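# Architecture and fold: a report
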Amino acid sequence: MANDANTETDRDDDTGGEHGWTRRLARHRTGLALLSFAESTVVPIPLETIVVPLMVGHHRRSITIATAIWLGCLVGASLFYFVGLWLADPVVIPALEWLGLKDNFDQMTSDLDSGSLFWTVFLVSFSPAPMQLATLGTGVVGGNFLTFFAAIALSRGLRYYGLAVLARLFGPKIAELGVPTGKLVIGLVIVLLVGWGIMQFI
């Protein structure tokens, strides 16, 4: 009976066996954490373009997915805090000038240095906007690390676990449509990427 239950779970989670790669990715906690680490450091594209369709397609694993990407984000954000703290002049400022982001960064550091560090980091981290300027900026201004870490942990926790709960609620209904998980993931990724691209030009 236990084997039958496990088989049923796998079937529910992966409609369409030809797309088993999505099941492997949903189970690969280290890989998901690394994707989140990359998104919180050097990759500007929101991680949701991958994990939202993955959570929907594998709603039984949505909490596990949320936990993996939350931990990866915390590690990446902490790394960039210390990069900003220790390597501002030799690395961070020249890189931002080269990328044409120095003015945006100056505005961010002004907000962070105005006494609203927690809420500035929280709002940037909770929104779809890339948070690298906030993580680097907090380090550059020497903001309190525990305050910074709490803001990141809370905002990304609400964001990722909120998505996981929504996936648990609506994933079964979407699964009833009988769309293979692989096609569902690819289709939603394309839609989310197009939407994100449009937002960059508005």
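Heads up: these notes are all about the structure in this document. (Residues numbered from 1 in each chain as written. Predicted model: local features only at pLDDT ≥ 70, side-chain atom pairs only at ≥ 80, totals over all residues. Heavy atoms only, no water.)

### Examining the pattern of salt bridges
The tally for this structure, following the rule as stated, stands at three salt bridges. With a shortest N-O distance of 3.5 Å, Glu39 and Arg156 are connected by a salt bridge. Of this pair, Glu39 sits in helix α3 (residues 29–39) while Arg156 is found in helix α10 (residues 145–175), placing the two residues 117 residues apart along the sequence. Overall, the relative accessible area of 8% leaves Glu39 in the buried class. The buried category is assigned to Arg156, whose relative accessible area is 0%. Salt-bridge contacts for Glu48 lead to Arg159; the nearest nitrogen and oxygen are separated by 2.4 Å. Here the residue Glu48 occupies a position in helix α4 (residues 48–57), and Arg159 occupies one in helix α10, the gap between them amounting to 111 residues. The class for Glu48 is buried, based on a relative accessible area of 12%. The buried category is assigned to Arg159, whose relative accessible area is 9%. (Salt bridge = Lys/Arg side-chain N within 4 Å of Asp/Glu carboxyl O. Helix = DSSP H or I, 4+ residues; strand = E, 2+ residues; numbered from the N terminus. Buried < 20%, exposed > 50% of the residue type's maximum accessible area, 1.4 Å probe, protein only.)

### Description of the nonpolar core
Among the nonpolar cores identified, the biggest contains 37 residues, and Met55, Ile65, Ile69, Phe105, Val121, Phe148 and Ile152 are the most heavily contacted of them. At the level of elements, α4, α5 (62–86), α6 (88–99), α7 (102–112), α8 (117–126), α9 (132–140) and α10 are the ones that each hand at least two residues to this core. Counting residues per element, this core draws most heavily on α5, at ten residues. Excluding its chain neighbours within four sequence positions, the residues that come into contact with Val121 are Leu112, Thr138, Phe148, Ala151 and Ile152. (Core = buried A, V, L, I, M, F, W, Y, C linked by side-chain atoms within 4.5 Å. Contact = heavy atoms within 4.5 Å.)

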